[in-house]
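Structure assessment
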Amino acid sequence: MTSAPTSSVNTGPVLRSAYQRSIAEYWNNEKNPVNIRLGEVDGLYHHHYGIGDYDQAVLDVPVELRDQAIIAELHRLETAQADVLLDHLGDIGPDDRLLDAGSGRGGTSLMANLRLGCQMDGVSISETQVAFANDQARQHGVADRVRFHFRNMLDTGFDSGVMRGIWTNETTMYVDLHQLYGEFARLIAPGGRYVCITGCYNDVTGGRSRAVSQIDQHYICNIHPRSEYFKALAANGFVPINVIDLTAATIPYWELRTQSSLATSIETPFLTAYREGSFHYLLIAADRV
Ligand SMILES: C[S@@+](CC[C@H](N)C(=O)[O-])C[C@H]1O[C@@H](n2cnc3c(N)ncnc32)[C@H](O)[C@@H]1O
């Protein structure tokens, strides 16, 4: 009889609850132009928001070209967001392996491989996204170094301690943070780094505001209070080294989005929540001790 290696984990079915099935269905069917058209600009497809000031000149572009100029500018800001996330991973080299937890259509993983040369794994509970992202890796000629898997980030099945770093880019609002960071603590060897960019509600001003509840309902998610991140990180052996409030930096992205033909109905709740202070856009970088 052969015994299983002690460092690997038996995983059950990828989707374990009605809630997870509804999230998977949402992302499997998602073809929102605000995600697709921005990715078409240069072949890096993101499903996250942007940071930084936008170039006001795009608003003065002749009307027939204006919308495409706004789309290109929105894409520049969402790529800038991913760059800031990657800036916080610490020293990463070609021998290091990183996990993109909740990898969407794969844009940030491709950027990481291009920039750091590292080996990338991405996991998503959307089979459609995983297929799309693997196709992108082939098109970029990096399928041997960048792989996407239909797996649950709460129980990835990767061997213990194999990841030098992990990030979550706007994915933590779908899961229990204690469960998530328990799994990340297993995957990251001591000295490794976790980086998170997320929206979180502001406990200082009380509970979930109306605008935050509207965002939750729109995306079928469950935005956590700010305090929950730090409790769950500390409980699982992660010590923050950088916490950056990106709220002011993301507001221009939302303002520009309201001017685009791709605007959905969710711009107003985001702008309201950020401006009234009930919601923050945070980057947290934490070391595994
Ligand atoms: C807003 S998108 C962000 C995608 C990507 N991080 C990006 O920045 O483009 C949220 C992603 O989280 C994934 N997700 C949600 N719950 C998950 C889970 N339990 N395990 C793995 N992925 C999950 C979804 O499938 C989707 O890809």
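Details of the structure are given in the entry above.
The sections below set out a description of the structure shown in this document. (Residues numbered from 1 in each chain as written. Predicted model: local features only at pLDDT ≥ 70, side-chain atom pairs only at ≥ 80, totals over all residues. Heavy atoms only, no water.)

1. Observations concerning the pattern of salt bridges
Side chains that differ in sign of charge can pair as their charged atoms come close. Quick note on the threshold: The rule for a salt bridge is simple: a side-chain nitrogen of Lys or Arg has to be within 4 Å of a carboxyl oxygen of Asp or Glu. Comment: elements are numbered from the N terminus, with helices defined as DSSP H or I runs of at least four residues and strands as E runs of at least two. Per-residue accessibility, obtained with a 1.4 Å probe over protein chains only, is compared with the maximum for each type, and a residue is labelled buried under 20%, exposed over 50%, and partly exposed between these values.
Under the counting rule described, the total for this entry stands at twelve salt bridges. Here Arg275 and Glu255 are joined by a salt bridge, their closest N and O atoms 2.8 Å apart. Of this pair, Arg275 sits in helix H10 (residues 267-276) while Glu255 is found in helix H9 (residues 247-257), placing the two residues 20 residues apart along the sequence. With relative accessibility at 54%, the residue Arg275 sits in the exposed group. Put simply, Asp83, Asp87 and Arg115 are held in one network by salt bridges that share partners.

2. Some words on the site of the ligand
Quick reminder of the rule: Near, as used in this document, describes a residue that has one of its heavy atoms within 4 Å of the molecule or strand being considered. Two N or O atoms form a polar contact when they lie within 3.5 Å of each other; inside protein one atom must be a possible hydrogen donor and the other a possible acceptor, and for residues adjacent in sequence the pair counts only when both atoms belong to side chains. When residues are sorted by character, Ala, Val, Leu, Ile, Met, Phe, Trp, Tyr, Cys and Pro go into the nonpolar class, Asp, Glu, Lys and Arg into the charged class, and all the rest, Gly among them, into the polar class.
Surrounding the ligand, one finds 21 residues, the nearest of these being His47, His48, Gly102, Gln129 and Asn169. A distance of 2.7 Å separates an oxygen atom of the ligand from a polar backbone atom of His47. At a separation of 2.9 Å, an oxygen atom of the ligand approaches a polar side-chain atom of Ser124. Taken together, the elements giving at least two residues each to the shell around the ligand come down to helix H1 (18-29) and strand S2 (119-124). Grouping the constituent residues of the shell around the ligand by class yields seven nonpolar, twelve polar and two charged.

3. Remarks on unusual backbone geometry
A positive phi angle, close to 60 degrees, is found at Glu170, a residue other than glycine. Examined against the element boundaries, Glu170 turns out to sit in the loop between strand S4 (163-169) and helix H6 (177-187). Even without glycine at this site, Ile220 takes up a positive phi of about 50 degrees. Considering the arrangement of structural elements, one finds Ile220 in the loop between helix H7 (210-219) and helix H8 (226-235). Taking the relative accessible area as the measure of exposure, Ile220 reaches 33% and is therefore partly exposed.

4. Remarks on H9
Short version of the rule: Any pair of residues with heavy atoms lying within 4.5 Å of one another is described as a contacting pair.
Counting buried positions over the eleven residues of H9 gives eight, a clear majority of the element. Those residues of H9 that fall on the buried side of the exposure criterion are Thr247, Thr250, Ile251, Pro252, Tyr253, Trp254, Leu256 and Arg257. Along its buried surface, H9 packs onto helix H2 (33-39), helix H3 (63-87), strand S6 (238-245), H10 and strand S7 (279-288).

5. Focus on H10
Of all the positions in H10, only Glu267, Pro269, Phe270, Leu271, Ala273 and Tyr274 are classed as buried. Along its buried surface, H10 packs onto H7, H9 and S7. Taken from the residues just after H10, Gly277 is the one with a positive phi, measuring 85 degrees.

6. Remarks on the sheet that holds strand S1 (residues 97-101)
What counts here: Here, any two strands with at least 2 DSSP bridges between them count as paired. For every element, the axis is a line fit to its C-alpha atoms; helices are fit only across the contacting stretch, and the angle between N-to-C directions ranges from 0 to 180 degrees.
The seven strands lie next to each other as S3-S2-S1-S4-S5-S7-S6, forming an open sheet whose pairing is mixed. Strands at the two margins of the open sheet, each flanked by one partner only, are strand S3 (146-150) and S6. Neighbouring strand axes in the sheet, compared pairwise and without regard to direction, differ in orientation by 15 degrees on average. One ladder, built from five bridges, connects S1 with S2; its direction is parallel. Along S2, the bridge assignment pairs Ala101 with Val123.

7. Remarks on the packing of H3 against helix H4 (residues 107-116)
Let me state the cut-off plainly: Angle categories: roughly parallel below 35 degrees, roughly antiparallel above 145, roughly perpendicular from 65 to 115, and oblique for all the rest. Crossing handedness is read from the near helix: turned anticlockwise from the far helix by less than a right angle, it gives a left-handed crossing, and turned clockwise, a right-handed one.
In contact at an axis separation of 10 Å, H3 and H4 are set at 55 degrees when each is read in the N-to-C sense. Judged by the inter-axis angle, H3 sits oblique to H4. Crossing handedness for the pair H3 and H4: right-handed. Facing H3, whose interface residues are Thr79, Ala82, Asp83, Leu86 and Asp87, H4 presents Thr108, Met111, Ala112 and Arg115. Residues of the contact of H3 with H4, tallied by class, amount to four nonpolar, two polar and three charged.

8. Observations concerning the pairing of S7
Among the ten residues of S7, ten are classified as buried, and the element is accordingly described as predominantly covered. Here S7 shows a buried face lined by Phe279, Tyr281, Leu283, Ala285 and Asp287 and a second buried face lined by His280, Leu282, Ile284, Ala286 and Arg288. Alignment of strand S5 (residues 188-201) against S7, held across nine bridges, turns out to be antiparallel. Across the sheet, the residue bridging to Arg193 is Asp287, located in S7. Alignment of S6 against S7, held across seven bridges, turns out to be antiparallel.

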